Amino acid sequence: MDLKIDFSGRAVHYTEDEIAAVVDAMRNAATLTQGRYLAEFESRFAAYQGVEQGSCHAVMNGTGALEMAAQLCAFKPGDEFVIPSHTFTSSAYPFIKHGGRPVWADIDPLTRVVTAESIARALTPATRVVVVVHLYGYVADMPAILDLCRQKNLVCIEDAAQAIGSELDGRKAGSFGDMAIFSFHSHKNLTTLGEGGMLYVADPALSSLVPMLRHNGHCAYAGDRPDYWKPAMGNVDLPMLGDAPVMPANYCIGEIECALGSVLLNRIDEINAQKRARAIRLIDALAGYQELEFHRVPTTRHNYHLLAARCEPGADYRDKFIRNMYERRGVKCVVQYLPLNRYDFYRKLGFGQANCPQADAFFDTMVSFPFQHWMSDRDFEYLIGAIEATLLELRNENAGDA
């Protein structure tokens, strides 16, 4: 088998300007963490998101942002959080680590994200938090979900790890909820040298705790000191959430990553638009093949971080399709996001039960195509041709079997 198109773990290739920004930071940063590039990235990100300055906090990765969001929820024994079963594991386990019990919500079969209705079905008297995941880069119906959360006095957290730049009603994904997280992992449309993340906290009082949580409890001493070195360069204190202490950790991101992220923000809308145009081009080229059901969204509500489809004939057909694409066409497709309740990890924790038939049905029939931004036009056209050839071949096989 000659592999022609891999399912790449790298989303973008950097421009010369972006490389130059990294080199400049390498040469000139006065500190390689917690410096001016961090402040600039956070400020520019908040401006891009259309949220208050000081509400966005850059961290080492999206999981670190989720860890701090979970801490700020201040779960008490028995508290539950509602979260889709169809998502990446990092969306869920930080909240379990910090005392929440997950209740799995189902997804809409076409959009593949939760809805206000599917969340409402999962609510119980013990629900404290709702985690909304904008999976694949598509913004869930946040106005309806927020209405539900406000009615029930629930904290709403957006996992916008895959949805940077996506919009609904003129607002960016990750600007609706009480908190939001973003990921700049290597696979994302905006990536900071492999890892990186951002935490948005709407409440200024909660947001003010994040720098201490992120950086080992470090803070300034109160008041003036006659000698700057006494008793030490800086204080270490215990962040307090009401009367409860919140243990800090080290989720700091380096200045090099921040320098790159700040510059790459200039290009994220262009990257999203190019991926969206390609997605629509591929979906429309295959419109005559009912075997694949795509989610066609030609607006900024979707950034097409990933390009996935449901194989309508079912699970056996899906496996034949992927096998043919890999062995005969040299194109590596994958399946993604096993419903979390089906993993050994969550079963061993006692969270293996779920009533999420749509999530199960989608995973069991889904295929995710290689869709990295840097794919050449030639390879992209080959991808479309390979999909079409495979669909025709499987049609002929099925006709022969009949």
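Everything that follows concerns the structure shown earlier in this document.
What comes next is a walk through the structure. Only a predicted model underlies this, so the values are computations on that prediction, with no experimental measurement involved.

## Observations regarding the nonpolar core
Note that soluble globular proteins tend to have their nonpolar side chains buried in a common cluster. By size, the foremost hydrophobic cluster in this structure holds 132 residues, and its most contacted members are Leu292, Phe321, Phe369, Leu383 and Ile387. Those residues within four positions of leucine 292 in sequence are excluded, and the remaining contacts are Ala309, Arg310, Cys311, Phe321, Val367, Phe369, Ile387 and Leu391.

## Re the sheet that holds strand E1 (residues 56-59)
The sheet built from seven strands is open, its strands ordered E1-E9-E8-E5-E4-E2-E3 with mixed pairing. Every interior strand has two partners, whereas the edge strands, E1 and strand E3 (101-105), have only one. Taking the axes of each pair of neighbouring strands and ignoring which way they run, one obtains an average angle of 20° across the sheet. In this structure, strand E8 (residues 179-183) lies alongside strand E9 (residues 197-201), joined through five bridges in antiparallel fashion. Among the inter-strand pairings, serine 183 is bridged to a residue of E9, identified as glycine 197. Strand contacts of helix H6 (residues 142-152): strand E4 (127-133) and strand E5 (155-159), with the helix running at about 150° to E5, the strand carrying the most contacts.

## Brief notes about the packing of aromatic side chains
The full count for this structure, using the stated rule, is 15 aromatic pairs. Residues phenylalanine 345 and tyrosine 346 carry aromatic rings whose centres are separated by 4.7 Å and whose planes lie at 65° to one another, so their mutual orientation is edge-to-face. Counting every residue linked through ring pairs, the aromatic cluster contains Phe41, Phe45, Phe182 and Phe184. Above the ring of tyrosine 37, the side-chain terminus of arginine 36 is found at 4.1 Å from the ring centroid. Between the NZ or CZ atom of lysine 172 and the centre of the ring of tyrosine 48, over which it lies, the distance is 4.6 Å.

## Notes on the side chain of glutamine 71
Relative to the elements of secondary structure, glutamine 71 occurs in helix H3 (residues 62-73). The contact partners of glutamine 71, leaving out residues within four places of it in the chain, are His98, Leu213, Leu241, Val246, Met247 and Tyr251.

## Describing a negative patch on the surface
Together, Glu117, Asp141, Asp147 and Asp169 line one region of the surface with negative charge. Within the secondary structure layout, aspartate 147 lies in helix H6.

## Observations regarding the packing of helix H2 (residues 36-49) against helix H9 (residues 255-264)
Look at H2 against H9: their axes get within 8 Å of each other, and the N-to-C directions meet at 35°. H9 is crossed by H2, and the crossing has left-handed handedness. Side by side, H2 and H9 meet where Arg36, Tyr37, Leu38, Glu40, Phe41 and Arg44 of the first sit next to Glu255, Cys258, Ala259, Gly261, Ser262 and Val263 of the second. Grouping the constituent residues of the contact of H2 with H9 by class yields six nonpolar, two polar and four charged.

## Let's talk about H2
Over its 14 residues, H2 extends 20 Å from the first C-alpha to the last, a length consistent with the 20 Å expected when each residue adds 1.5 Å. Along H2, the residues classified as buried are Tyr37, Leu38, Phe41, Glu42, Phe45, Ala46, Tyr48 and Gln49. Viewed end-on, H2 has its buried residues packed into an arc of 165°, placing them on one side of the element. Seen from the open side of H2, the exposed residues pointing more than 90 degrees away from its buried face are Arg36 and Ala47.

## Observations regarding the pattern of salt bridges
The full count for this structure, using the stated rule, is 19 salt bridges. For arginine 214, the salt bridge is made with glutamate 42, and the minimal N-O distance between the two is 2.7 Å. Here the residue arginine 214 occupies a position in helix H8 (residues 210-214), and glutamate 42 occupies one in helix H2, the gap between them amounting to 172 residues. Each member of the pair, arginine 214 as well as glutamate 42, is classed as buried. Between arginine 281 and glutamate 381 there is a salt bridge whose closest N-O contact spans 2.7 Å. Separated by 100 residues along the polypeptide, arginine 281 in helix H10 (residues 268-285) and glutamate 381 in helix H14 (residues 377-401) bring together distant segments of the chain. One connected set of salt bridges, linked through shared partners, spans Glu293, Arg310 and Glu312.

## Some thoughts on the sheet that holds strand E14 (residues 292-294)
Spatially, three strands are ordered E14-E15-E16 in an open sheet, and the strand pairing comes out antiparallel. Because the sheet does not close on itself, it has two edges, and the strands there are E14 and strand E16 (366-369). Recorded for the sheet is a direction-independent mean angle of 35° between the axes of neighbouring strands. Of the pairings in the sheet, the one linking E14 to strand E15 (residues 307-311) comprises three bridges and is antiparallel in character. The partner of glutamate 293 across the bridge, within E15, is arginine 310. Against the sheet, helix H11 (residues 315-327) contacts E14, E15 and E16, and its axis sits at roughly 25° relative to E16. Contacts from helix H13 (residues 357-365) reach E15 and E16, with the element oriented near 100° to E15.

The rules behind the values
- Residues numbered from 1 in each chain as written.
- Predicted model: local features only at pLDDT ≥ 70, side-chain atom pairs only at ≥ 80, totals over all residues.
- Heavy atoms only, no water.
- Core = buried A, V, L, I, M, F, W, Y, C linked by side-chain atoms within 4.5 Å.
- Buried < 20%, exposed > 50% of the residue type's maximum accessible area, 1.4 Å probe, protein only.
- Contact = heavy atoms within 4.5 Å.
- Pairing = 2+ DSSP bridges.
- Helix = DSSP H or I, 4+ residues; strand = E, 2+ residues; numbered from the N terminus.
- Axes fitted to C-alpha atoms, helices over the stretch in contact; angles between N-to-C directions.
- Phe/Tyr/Trp six-rings, centres within 6.5 Å; stacked < 30°, edge-to-face > 60°.
- Lys NZ or Arg CZ within 6 Å of the ring centre and 35° of its normal.
- Patch = residues over 30% accessible without salt bridge, like charges linked within 9 Å, V, L, I, M, F, W, Y side chains within 5 Å.
- Areas by Shrake-Rupley, 256 points an atom, 1.4 Å probe, with all protein chains shown as cover.
- Salt bridge = Lys/Arg side-chain N within 4 Å of Asp/Glu carboxyl O.
- Lys, Arg positive; Asp, Glu negative; His and termini not counted.
- Charge placed at Lys NZ, Arg CZ, Asp CG, Glu CD.
- Left-handed = near helix turned anticlockwise from the far one by under 90°.
- Nonpolar A, V, L, I, M, F, W, Y, C, P; charged D, E, K, R; others polar.
- Expected span 1.5 Å × (residues − 1).
- Arc of directions from axis to C-beta.

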